[in-house]
Amino acid sequence: MELTKDYLSSHGIRPSAQRIAIMDYLLTHKTHPTVEEIYAALVPLMPTLSKTTLYNTLKLFYDKKVALMLNIDEHTTRFDGDVQPHAHFQCLKCGTVYDIFEPELPELRSVYKQKIGDLNITSVELSYKGLCAHCEQDNSN
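Values in this document were obtained by computation on a predicted structure and should not be read as measured data. (Residues numbered from 1 in each chain as written. Predicted model: local features only at pLDDT ≥ 70, side-chain atom pairs only at ≥ 80, totals over all residues. Heavy atoms only, no water.)

Enquirer: Describe the side chain of Asp80, with residues and values.
Expert: Looking at the secondary structure, you find Asp80 in strand 2 (residues 78-80). Buried charge Asp80 goes without a salt bridge, the closest partner of opposite sign being Lys30 at 5.8 Å. In terms of polar contacts, Asp80 uses its side chain to reach the backbone amide nitrogen of Asp82, at 2.9 Å. Of the polar contacts made by the side chain of Asp80, one reaches the side chain of His88; its length is 2.9 Å. (Helix = DSSP H or I, 4+ residues; strand = E, 2+ residues; numbered from the N terminus. Buried < 20%, exposed > 50% of the residue type's maximum accessible area, 1.4 Å probe, protein only. Lys, Arg positive; Asp, Glu negative; His and termini not counted. Salt bridge = Lys/Arg side-chain N within 4 Å of Asp/Glu carboxyl O. Polar contact = N/O pair within 3.5 Å; in protein donor to acceptor, adjacent residues only side chain to side chain.)

Structural data, given as structure tokens:
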């Protein structure tokens, strides 16, 4: 938790107990959770946590670039505490979202924090959809 506190402080975020818990959850749960999933996990530990606080905190994290807001599908917004350049893959059958850290993704390397003409690129959101290995194996049986 001390590392999380220092991480938030280094990004200009006042590290309250709720902010630390939310950021720590994002950093330790690589599941790309939704607001509902984060709330369900944290409210038993922090009964005073409100959904409004959670939404406001996640927006602050996104604005301060310590979390990604993923809109992989039109129904669900997910959050990712890993802000290094990477892509995402969502399985069309089970819905699981995976990180892709492939160096072969030139879209991430060549455009991240660069310019195209007079457009200043500050982030790239690259996502793929298909079947994960588990669901593909289930389909072949």
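Following the structure, the description resumes.
Enquirer: With reference to specific residues and values, describe unusual backbone geometry.
Expert: The phi dihedral of His32 is positive, around 55°, even though this residue is not glycine. In this structure, His32 sits in the loop between helix 2 (17-28) and helix 3 (35-42). Look at His32 and you get buried, because its relative accessible area is 2%.

Enquirer: Could you give an account of the sheet that holds strand 3 (residues 87-91), naming the residues involved and the relevant values?
Expert: Spatial ordering of the open sheet is given by 4-3-7, a layout of three strands whose pairing is mixed. Strands at the two margins of the open sheet, each flanked by one partner only, are strand 4 (97-100) and strand 7 (127-130). Neighbour-to-neighbour, the strand axes of this sheet turn through a mean angle of 25°, independent of strand direction. Summarising the sheet, strand 3 and strand 7 pair through four bridges and their orientation is parallel. Along strand 7, the bridge assignment pairs His88 with Ser127. (Pairing = 2+ DSSP bridges. Axes fitted to C-alpha atoms, helices over the stretch in contact; angles between N-to-C directions.)

Enquirer: Quick rundown of the domain arrangement of the protein? Include the residues and the values.
Expert: Accessible area lost when the parts come together is the quantity often used to give the size of an interface. Split by domain assignment, the protein resolves into domain 1 (2-70) and domain 2 (84-137). Spacing between the C-alpha centres of domain 1 and domain 2 amounts to 23 Å. When the two sides are added together, the surface that domain 1 and domain 2 hide from each other amounts to roughly 450 Å², 59% of it contributed by carbon and sulfur. Inspection of the domain 1/domain 2 interface yields three residue pairs in polar contact (both at pLDDT 80 or more). (Domains from an automatic or database assignment. Buried area = accessible area lost by both parts, 1.4 Å probe.)

Enquirer: Could you give me a rundown of the packing of aromatic side chains, with the residues and numbers involved?
Expert: Inspection of the entire model under this criterion finds one aromatic pair. Pairing Phe89 with Tyr98 gives two aromatic rings, centres 6.2 Å apart and planes at 45°, and the pair type is tilted. A relative accessible area of 35% places Tyr98 in the partly exposed class. Here the basic side chain of Lys51 rests over the ring of Tyr39, its NZ or CZ set 5.2 Å away from the ring centre. (Phe/Tyr/Trp six-rings, centres within 6.5 Å; stacked < 30°, edge-to-face > 60°. Lys NZ or Arg CZ within 6 Å of the ring centre and 35° of its normal.)

Enquirer: I'd like a description of the packing of helix 2 against helix 4 (residues 51-63), backed by residues and values.
Expert: Where helix 2 meets helix 4, the axes come as close as 10 Å, and the angle between the chain directions of the two elements is 65°. Relative to helix 4, helix 2 is oriented roughly perpendicular. Note that helix 2 runs across helix 4; the crossing there is right-handed. When helix 2 is examined against helix 4, the residues Gln18, Arg19, Ile22, Met23 and Leu26 are found in contact with a partner set consisting of Thr53, Leu54, Thr57, Leu58, Leu60 and Phe61. (Parallel < 35°, antiparallel > 145°, perpendicular 65-115°, else oblique. Left-handed = near helix turned anticlockwise from the far one by under 90°. Contact = heavy atoms within 4.5 Å.)

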